[in-house]
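# A structural walkthrough
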Amino acid sequence: MRLNTFSIVAYDPDEQAWGVAVASKFLASAAVVSWARAGAGAVATQAYAKVSFGADGLGLLAKGKSAQETLAWLLERDLGQAERQVGIVDVHGGTAAHTGAECHAWAGHRIGVGFTCQGNILTGPEVLEAMASAYMTASGELADRLVAALLAGDLAGGD
């Protein structure tokens, strides 16, 4: 399933909260992209999304795997990894992201402390930079900061 999408996955240590926010021209894309579990972490899977990355990723995170370990496990078993994007944040706020070499241009990711932004078929890297900047400077609850990141990505050109 090809999703022209940008998303953010994040962790707030003060709230002990994990979340995913996604914007896409495909209605209800969050039902495929967004995966989060309290006490475990969060995953966004997009660009020819592999839905099992969500459930399997959360399962690994819940068993104590780091975001990096989880990402490596998922990609090792995926013959289509070159077409996929995934962003992960673990129980401690560790992050990992992957943008496959065959994702539609422009595609990429930006990793920050406790969050990762990723997108494909974007106007350019400025979308992810705007998202990251907005997330880091926004105030309020995690949900408010996630929405601020999406709005900034859209204003920067989006997909």
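Details of the structure are given in the entry above.
Turning our attention to helix H4 (residues 126–137). Compared with the 16 Å implied by 1.5 Å per residue over twelve residues, the 16 Å span of H4 between its first and last C-alpha is a close match. Those residues of H4 not exposed but buried are Val127, Leu128, Met131, Ala132, Ala134 and Tyr135. Buried residues of H4, seen end-on, are gathered within an arc of 165 degrees and therefore sit on one face of the element. Looking at the buried residues of H4, the elements they touch are strand E1 (5–12), strand E7 (108–112), strand E8 (115–119) and helix H5 (142–155).

Right, let's talk about the pattern of salt bridges for a bit. Summed over the entire model, instances satisfying the criterion amount to six salt bridges. Its salt-bridge partner being Asp78, residue Lys50 comes within 3.6 Å of it at the nearest N-O pair. You can see Lys50 sitting in the loop between strand E4 (41–46) and helix H2 (52–62) and its partner Asp78 sitting in the loop between helix H3 (67–76) and strand E5 (85–90), a full 28 residues away along the chain. Accessibility expressed as a relative area gives 25% for Lys50, which makes it partly exposed. What makes Asp78 buried here is its relative accessible area of 5%. Where Asp78 meets Arg84, a salt bridge forms, and the shortest distance between an N and an O atom there is 2.6 Å. With a relative accessible area of 13%, Arg84 lands in the buried category. The network of salt bridges with common partners includes Asp12, Glu15 and Arg145.

The strand order E3-E4-E5-E6 describes an open sheet built from four strands, whose pairing is antiparallel. At either end of the open sheet lies a strand with only one pairing partner, and these are strand E3 (34–37) and strand E6 (95–99). Put simply, the sheet's adjacent strands are angled 5 degrees from each other on average, direction ignored. Note: E4 against E5, six bridges, orientation antiparallel. Across the sheet, Gly41 pairs through a bridge with Asp90, a residue of E5. Where H2 meets the sheet, it contacts E3, E4 and E5, and its direction lies at approximately 155 degrees from that of E4. Along the sheet, H3 makes contact with E5 and E6, crossing E6 at roughly 30 degrees.

To continue, consider the nonpolar core. Ranked by internal contacts, the top residues of the largest apolar core, which has 17 residues, are Ile8, Phe115, Cys117, Met131, Tyr135 and Leu146. At the level of elements, E1, strand E2 (17–24), E8, H4 and H5 are the ones that each hand at least two residues to this core. By residue number, the principal contributor to this core is H4, which donates five residues. For Ile8, the residues in contact, after removing those within four places along its chain, are Gly19, Val20, Ala21, Phe115, Thr116, Cys117, Gln118, Met131, Tyr135, Leu146 and Ala149.

Moving on, we come to unusual backbone geometry. Here the bond from Ala105 into Trp106 is cis, since omega is -20 degrees, no more than 30 degrees from zero. Counting through the fold element by element, Trp106 comes out in the loop between E6 and E7. The backbone of Tyr48 sits at a positive phi, close to 50 degrees, despite the residue not being glycine. With respect to the helices and strands, the residue Tyr48 is situated in the loop between E4 and H2. Look at Tyr48 and you get partly exposed, because its relative accessible area is 25%.

Definitions and limits used
Residues numbered from 1 in each chain as written. Predicted model: local features only at pLDDT ≥ 70, side-chain atom pairs only at ≥ 80, totals over all residues. Heavy atoms only, no water. Helix = DSSP H or I, 4+ residues; strand = E, 2+ residues; numbered from the N terminus. Expected span 1.5 Å × (residues − 1). Buried < 20%, exposed > 50% of the residue type's maximum accessible area, 1.4 Å probe, protein only. Arc of directions from axis to C-beta. Contact = heavy atoms within 4.5 Å. Salt bridge = Lys/Arg side-chain N within 4 Å of Asp/Glu carboxyl O. Pairing = 2+ DSSP bridges. Axes fitted to C-alpha atoms, helices over the stretch in contact; angles between N-to-C directions. Core = buried A, V, L, I, M, F, W, Y, C linked by side-chain atoms within 4.5 Å.

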